Each structure stands twice: as C-alpha cells, then as structure tokens.
Protein chains: 2
Amino acid sequence: MNVAASKSQESGVALGALIGVGLGPGDPELVTVKAARLIGEAKIIAYFGKPGRASNARTIAERYFSPGCEELPLLYPVTTEIPFEQPEYVDALASFYKESAQRLGAVLESGRDVTLLCEGDPMLYGSFMHMFTRLDQRFRVDICAGVSGMSGCFAAARQPMTWGDDILTVMPATLDEDTLAQRLASTDAAVVMKLGGNFPKLRRAMARAGVAERAIYVERGTMTGEKILRFAEKRDDVAPYFSMALVPGRGRRP
Amino acid sequence: MNVAASKSQESGVALGALIGVGLGPGDPELVTVKAARLIGEAKIIAYFGKPGRASNARTIAERYFSPGCEELPLLYPVTTEIPFEQPEYVDALASFYKESAQRLGAVLESGRDVTLLCEGDPMLYGSFMHMFTRLDQRFRVDICAGVSGMSGCFAAARQPMTWGDDILTVMPATLDEDTLAQRLASTDAAVVMKLGGNFPKLRRAMARAGVAERAIYVERGTMTGEKILRFAEKRDDVAPYFSMALVPGRGRRP
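Residues numbered from 1 in each chain as written. Chains lettered and ligands numbered in written order. Predicted model: local features only at pLDDT ≥ 70, side-chain atom pairs only at ≥ 80, totals over all residues. Heavy atoms only, no water.

Attention now moves to the side chain of N198(A). As for its position among the elements, N198(A) is in the loop between strand 7 (189-193) and helix 7 (199-209). The residues touching N198(A), leaving out its near neighbours within four places in the chain, are A173(A) and T174(A). (Helix = DSSP H or I, 4+ residues; strand = E, 2+ residues; numbered from the N terminus. Contact = heavy atoms within 4.5 Å.)

Quick look at the structure:
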C-alpha cells in the first residue's frame, strides 16, 4: 500500500509530497530520531494551532527546525462558544479543514513538499487524518509514527497497563455517562481521553463501574506541569482537555 | 509518583537505577531521541531474547550502543513445545522472570545502573513490566516511553484509526473465538495483536463480527519484510506472532 514515488501532474511536473510527522506526547526528547531528521530536512513546516496562542506542535518540534525553514500555521476557527454537537461547530470545522487542505494542496501543486506536524500518534484522533483523507488521492503522503499521548502517560505514571490476555479499551470522555460506565465495567484496562469539562461525568461513570479506586489521573503527561495522582484522590472537577484517566489491567502474570 | 533520587542501601551506598527504554515498533529510526541518548549513555545494557537467535530488541538498538558497553542478555527458556495455558509454561516463565530480576538486582545492588531495552511501548504487554513489578520497590526505576507496535502499524498501513467519539479496543488474538467476535462486533475500531497460530480463529471471528471487509493485516510493521494487505485478501493462515489486524473506526469527520 505504500506509495514509493511522487505523483505527477498531467503536465508531467512532479507534485510535492505531504509528510505527516508524529511528535509524541509533549516532551521534545520523545520525538523519534526519524521525526527529528524529517523536521530538520523540511523546507516548509505546517502545524495546527489556535489563534493568539503558541502552537503546541510547534513548541515540541521547534528545536529540530532548520534555519530559514518556512512556516505554515493552520489556525483553528474560534469555536469555544459553540458546543461540539452543534451543526455550527461541525460546519466551522469542516470549512477549516477544507481550506487548510486547499492551502497545503496549493503548495504541493507547486512541486514543493510540506511537512505537517502532528501531536502524539498521527493516526489516533488526530487533525492530520483530516488532511490525509482530503489529499491522499492527489498527492504522495508519507507518515512517520509517533509515541501516542497515552503511551507517554503510561510511562509518566509508571503504570503497566496490559498483561497476558488483557483487553484495553480506549475511549473519549465525550461519550455519554451510561456508555462510559458500561465500557469501563466490561474491559480489563482502559484509557479515557479528552477529559476537560467531562470530568464530573467520568467521575460518576468510574464509580458506577467500580474502577475508580484503581484508576490514575494524568495531566500534561511528559510535559512541563505534569500532574499524576490517584483518580480517587482528585477532589476538584477541573481537568484540561489534554488530561487522561488510566485504568490498569490485572491479567495473567507469570 | 516519580522517584527523583536514587534509593540507598542500609549501608548508605547508593543503589543503581533500572532504566526501561521503549524502542518502538522495529525501525531503528523510530527510537526516540531520548531513548537514543539513554542507550548511548548506558554502561550496562540488558535485553530479552531467545537462545540461538539475534535479540530483536538488541537489533533495533545496537546502532545507539556506546563502544565498550557491557551486555546482559536475558534468554527466555525454550517453551515452544508447551502450550501457554499449561502450568508448565507459566512455571517456566515465572522462574525465568524471577531469575532475571535477581540478575538485574545483583547489578543494581552493586551501585551500577542497568538500561533494559523494551520493544514497542514498555507498558503494553511488555516483558519489562515483569521486571518493573519485581524491582520497583527496592530500586529506582525510570521509564522512557516508546512508539507502540500498533502505532507503528497504523503509520505503516497509512490507516487513520479513530475519529471523534470512536472507541478503540485492543485485544490479543489468544482470546477465545466467541470473545473475539463479540468484542469486534461491539467496538468502533480494533487492534488485534499476537496473531501467530490464532489466525484461523481470528478469521472466523472477523467474519462473524462483520468487520473482515474493512480490516487490514500488517506483518512486521516498520521492519524489513513488512507486509500489508487487506485482511480479506489474505488467503493463507500463516501469520507470525508479531503480526496484527487493524479494524479502522468510521466516526465523526467534519
């Protein structure tokens, strides 16, 4: 399934390639050797971010940028006022992804490569995937795997997660409480992502599933300001979007 | 939960630290910058392997070894003739892990650090975890996250896995057919690991769950000899232990 050679335009001029580079969970040293090389070789570096804030992806990768590389920030529309289930939110995001793909496509059309930075693993809940599906048919797209946010949190929390025949369920806290409780109760190990404002709901679901006592809360895993505590010991309901809850498995251990 | 300082013996002599280093899915360039540094700094490097074969972990990491570092291979007992559900298998592994922890512990007692190489993510189904649980109470143990085998396979297969509210289930193919079929049918996305001799059973479970058509088979992802094909197009039942099946999610996509 790998595309070895660059695609060409009808005119015969070689098109540029999109290179999606996973950056890992946040610690710049958890970037892979390959990603560091690809970023260092890049002449045009694109990344997602929010207007008026430092892009998290850029912050992780900056030390590997080569001098004089061109930057292409893709800034999310401000949607903080709109609940994400609303059509307005979906429309705003759809327009943003379409326009971002057009901007990247225009550079690729000119025959130049673009390296697109991706936090964590590019293929798990990543913005990169929205560019990939829009550009993969027309252009060559290469993907460099990264340490996922959850793998970073396992190590930061010093928490073995799955043993032997354990089943691991990864779920976003955006699911409804019944679904969260049912899934937590019927798996050996779990990772719950995207906590943010969903924390009170998750606290109830954890209690219903009977797993709160062995769960761990990880905030900003591997990053500055990292905070790790037993889930049951977290008293407040304040959790950033990039926090996670881990429920370790207890399977077969020779 | 992090242990900042080395632990000391009653005599006051500082004990060595065990450093578990995730190596990623197989491509030596998918080692993190941090792992490459830790391996390069290591004076004693331990790794698991099988007698009479090159250790996969050593092969991935070797380019980062510093000249003159000492190697401590931990060689699994030969258990290929014993089914893993048998008490003999569990006993053989338990003895091996106990003895390996004793060997590592003896070095740590002498005040020297040991860097233990771990394929993939050290905290997911890893041999490292068996050393961690045996040594963490007595010694300082540091853990460096790695790209998981499955993240390597997502990128190698160029396959976005989870979107929006998708639930991802990670399960070993060693589970019984009914469990596999039920789990595959009730999740949005799935990763099935440790295929090996379980392939015919997984093929039946995939068909029963109705996901065979969109599943992908990945063999030796990111490694030499990598093979990626649609699951439905795989005609034979031969799969190495380190092969995986991926069922991509189809969730919300603005």
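Right, let's get into the sheet that holds strand 3 (residues 70-75) of chain A. Residues and elements named next belong to chain A. Reading across from one edge, 3-2-4-1-5 is the order of the five strands in this open sheet, with parallel pairing throughout. Each edge of the open sheet is held by one strand with a lone partner, namely strand 3 and strand 5 (140-144). Neighbour to neighbour, the strand axes of the sheet diverge by 25° on average, direction disregarded. As judged from the five bridges shared by strand 1 (residues 17-22) and strand 4 (residues 114-118), these two strands associate in the parallel manner. Its bridge partner being in strand 4, I19 is matched across the sheet by T115. (Pairing = 2+ DSSP bridges. Axes fitted to C-alpha atoms, helices over the stretch in contact; angles between N-to-C directions.)

Moving on to the sheet that holds strand 10 (residues 243-247) of chain B. Spatially, 10 strands are ordered 9(A)-8(A)-10(A)-7(A)-6(A)-6(B)-7(B)-10(B)-8(B)-9(B) in an open sheet, and the strand pairing comes out mixed. Sheet topology places strand 9 (227-230) of chain A together with strand 9 (227-230) of chain B at the edges, where each strand pairs with a single neighbour. Neighbour-to-neighbour, the strand axes of the sheet open up by a mean angle of 15°, direction not taken into account. Packing of helix 5 (residues 149-156) of chain A onto the sheet brings it into contact with strand 6 (168-172), strand 7, strand 8 (216-219), strand 9 and strand 10 (243-247) of chain A, and relative to strand 10 of chain A it is tilted by some 65°. Contacting strand 6 (168-172), strand 7 (189-193), strand 8 (216-219), strand 9 and strand 10 of chain B, helix 5 (residues 149-156) of chain B crosses the sheet at an angle of about 65° to strand 10 of chain B.

Moving on, we get to helix 7 (residues 199-209) of chain B. Residue and element names in this part refer to chain B. When helix 7 is considered as a whole, its buried residues turn out to be F199, K201, L202, A205, M206 and A209. Relative to the axis of helix 7, the buried residues are bounded by an arc of 150° and lie together on one face. Turned more than 90 degrees from where helix 7 packs its buried face, A207 and R208 sit exposed. Where helix 7 terminates, the next one or two residues include G210, which has phi positive at roughly 75°. (Buried < 20%, exposed > 50% of the residue type's maximum accessible area, 1.4 Å probe, protein only. Arc of directions from axis to C-beta.)

Moving on, we come to the relation of the copies chain B and chain A. Placing chain B over chain A gives an RMSD of 0.0 Å and needs a rotation angle of 180°, together with 0.0 Å of translation along the axis. Such a combination of rotation and displacement between the chain copies is what one expects of a two-fold axis. A shared binding surface is used by both copies, with 100% of the interface residues of chain B retained as interface residues in chain A. (Least-squares fit on C-alpha atoms with pLDDT ≥ 70 in both.)

A word on the packing of helix 3 (residues 87-109) of chain A against helix 4 (residues 128-135) of chain A. Residues and elements named next belong to chain A. The geometry of helix 3 relative to helix 4 is characterised by a closest axis approach of 10 Å and an angle of 60° between their N-to-C directions. Here helix 3 lies oblique to helix 4, going by the angle between them. Along this stretch, helix 3 crosses helix 4, giving a crossing that reads as right-handed. Residues A94, Y97, K98, S100, A101, L104, G105 and L108 of helix 3 form the contact with helix 4, whose participating residues are H130, M131, R134 and L135. Within the contact of helix 3 with helix 4, the residues separate by chemical class into seven nonpolar, three polar and two charged. (Parallel < 35°, antiparallel > 145°, perpendicular 65-115°, else oblique. Left-handed = near helix turned anticlockwise from the far one by under 90°. Nonpolar A, V, L, I, M, F, W, Y, C, P; charged D, E, K, R; others polar.)

Quick look at the nonpolar core now. One finds L104(A), V191(A), L104(B) and V191(B) to be the most contacted residues of the largest nonpolar core, which totals 100 residues. For V191(B), the residues in contact, after removing those within four places along its chain, are M150(B), F154(B), M161(B), L168(B), T169(B), V170(B), M171(B), M244(B), A245(B) and L246(B). (Core = buried A, V, L, I, M, F, W, Y, C linked by side-chain atoms within 4.5 Å.)

Our next topic: the confidence of the model for chain A. In low-pLDDT segments, the atomic positions of the prediction should not be examined closely. For chain A, the mean per-residue pLDDT works out to 93, and 93% of the residues sit at or above 70. Scored as a whole, the predicted complex attains pTM 0.94, and scored at its interfaces, ipTM 0.93. (pLDDT = per-residue confidence, 0-100.)

All names here are of chain A. Their axes nearest at 8 Å, the elements helix 6 (residues 177-185) and helix 7 cross at an angle of 40°. On the basis of the axis angle, helix 6 is oblique to helix 7. Where helix 6 crosses over helix 7, the handedness of that crossing is right-handed. Here E177, D178, L180, A181, L184 and A185 of helix 6 come into contact with helix 7, specifically with K201, L202, R204, A205, M206, R208 and A209. Grouping the amino acids of the contact of helix 6 with helix 7 by side-chain chemistry returns eight nonpolar, no polar and five charged.

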